[in-house]
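Residue-level listing of the chains:
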Amino acid sequence: EWRRRALHMLPGFLPLILWGIYHRDPLSWDCRAYLGAIVIGIGVATAINYRRIARRGEASNAACILGYTIPVFVLLFTTPAKAELGLTVLAILAMGDGSATLGGMLLRGPRLPWNRSKSWSGLMCFVLVGAPFAGMIYWGEAHNPGVPYMTSLGLALFATVAAAISESLDSKIDDNVRVGVTSSLALILGQCWVGW
């Protein structure tokens, strides 16, 4: 599970690398192509090596990989002037969802009343780690025009809480799909609310 968590959380640092590379706002086609190739490359590499991170009894999990990559890919390509949306979803998926599993494993604690296989500690770790990291990513990328950090944090908190609740539900739909779609919709809704 540790290798799986590391692989799950590592892509969350890609936006920090992007800060050090000059890119126009809105993202140019070549920048979107590079980012898309990186996202797809990570997905393909994960699919090829999935047996190394598979849980017991799991052969492959396309929904896990696609749920992680498609929301980020779609947002980066459809909203190039708002790259912070796709990168913030990536941060929520990587750090929020990744921390929920680690927190639940390490801290244990009382179970959620609506899903006995999930814990309050996992839900709280999702929010307490995911929201500040996602807020920082949103703030760092939303530089044209600049967005106050508290606004960035508020949007990230709204999306992270929505994604954490979605992740905690007892559902047959893979949690990466739920987290990716929920955080995307929440960020778009929040963005519309504070002003596009």
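Since the structure is predicted, the reported quantities are computational estimates derived from the model, not experimental observations. Positions within a chain are numbered from 1, following the residues in the order the chain's sequence is written. Totals for whole chains, interfaces and linings use every residue, but because this is a predicted model, local features are given only for residues with pLDDT of at least 70 and side-chain atom pairs only at 80 or more, for both listing and counting. Each side-chain value is worked out from all heavy atoms of the structure, with water and hydrogens disregarded.

### Quick word on helix H5 (residues 83–107)
For helices the rule is a DSSP run of H or I covering at least 4 residues; for strands it is a run of E covering at least 2, with both sets numbered from the N terminus onward. Expected helix span is taken as 1.5 Å per residue step, with the number of steps being one fewer than the number of residues. Across its 25 residues, H5 extends 34 Å between first and last C-alpha, which sits within 8% of the 36 Å expected from 1.5 Å per residue. Only protein chains enter the calculation, and the probe is 1.4 Å; a residue is then buried if its accessible area is under 20% of its type maximum, exposed if over 50%, and partly exposed in between. For H5, the buried fraction is high: 22 of the 25 residues fall into the buried class. Among the residues trailing H5, Arg108 stands out with phi positive, at a value near 55°.

### Let's talk about the packing of helix H3 (residues 29–48) against helix H4 (residues 62–78)
Direction vectors running N to C along H3 and H4 enclose 175°, while the axes themselves pass 10 Å from each other. In this view, H3 runs roughly antiparallel relative to H4, as classed from their interaxial angle. Every residue of H4 that contacts H3 at Trp29, Arg32, Ala33, Leu35, Gly36, Val39, Ile40, Gly43, Thr46 and Ala47 is listed here: Ile65, Thr69, Val72, Phe73, Leu76 and Phe77. The nonpolar class holds Ala, Val, Leu, Ile, Met, Phe, Trp, Tyr, Cys and Pro. Asp, Glu, Lys and Arg form the charged class, and all remaining residues, Gly among them, are polar. A per-class count over the contact of H3 with H4 returns eleven nonpolar, four polar and one charged. All axes are obtained by fitting lines to C-alpha atoms, using only the stretch in contact for helices, and the reported angles, taken between N-to-C directions, cover 0 to 180 degrees. Should an angle fall under 35 degrees it is taken as roughly parallel, and over 145 as roughly antiparallel, whereas 65 to 115 is taken as roughly perpendicular and any remaining angle as oblique. Contacts are assigned to residue pairs that have any heavy atoms within 4.5 Å of one another.

### Re a nonpolar patch on the surface
Together, Trp114, Trp120, Met124, Leu128, Val129, Leu157, Val161, Ile165 and Leu169 line one region of the surface with nonpolar side chains, adding up to about 780 Å² of accessible area. Take the nonpolar patch: its biggest share by element is four residues, from helix H6 (residues 120–141). Residue placement: Met124 occurs in helix H6. Like-charged residues are merged into a patch within 9 Å and nonpolar side chains (Val, Leu, Ile, Met, Phe, Trp, Tyr) within 5 Å, provided each residue has over 30% relative accessible area and no salt bridge. To be clear on the numbers: accessible area is Shrake-Rupley with a 1.4 Å probe, and residue cover counts the displayed protein chains and nothing else. Within this document, salt bridges are pairs made up of a side-chain nitrogen of Lys or Arg and a carboxyl oxygen of Asp or Glu, the two lying within 4 Å of each other.

### As for unusual backbone geometry
Residue Pro26 is reached from Asp25 by a cis peptide bond, and omega for that bond is 10°. Residue placement: Pro26 occurs in the loop between helix H2 (14–19) and H3. Here Arg108, not a glycine, exhibits a phi torsion of approximately 55°, which is positive. Structurally, Arg108 is set in the loop between H5 and strand S1 (111–112). The exposed category is assigned to Arg108, whose relative accessible area is 54%.

Functional significance is not addressed by these values, which are geometric in nature.
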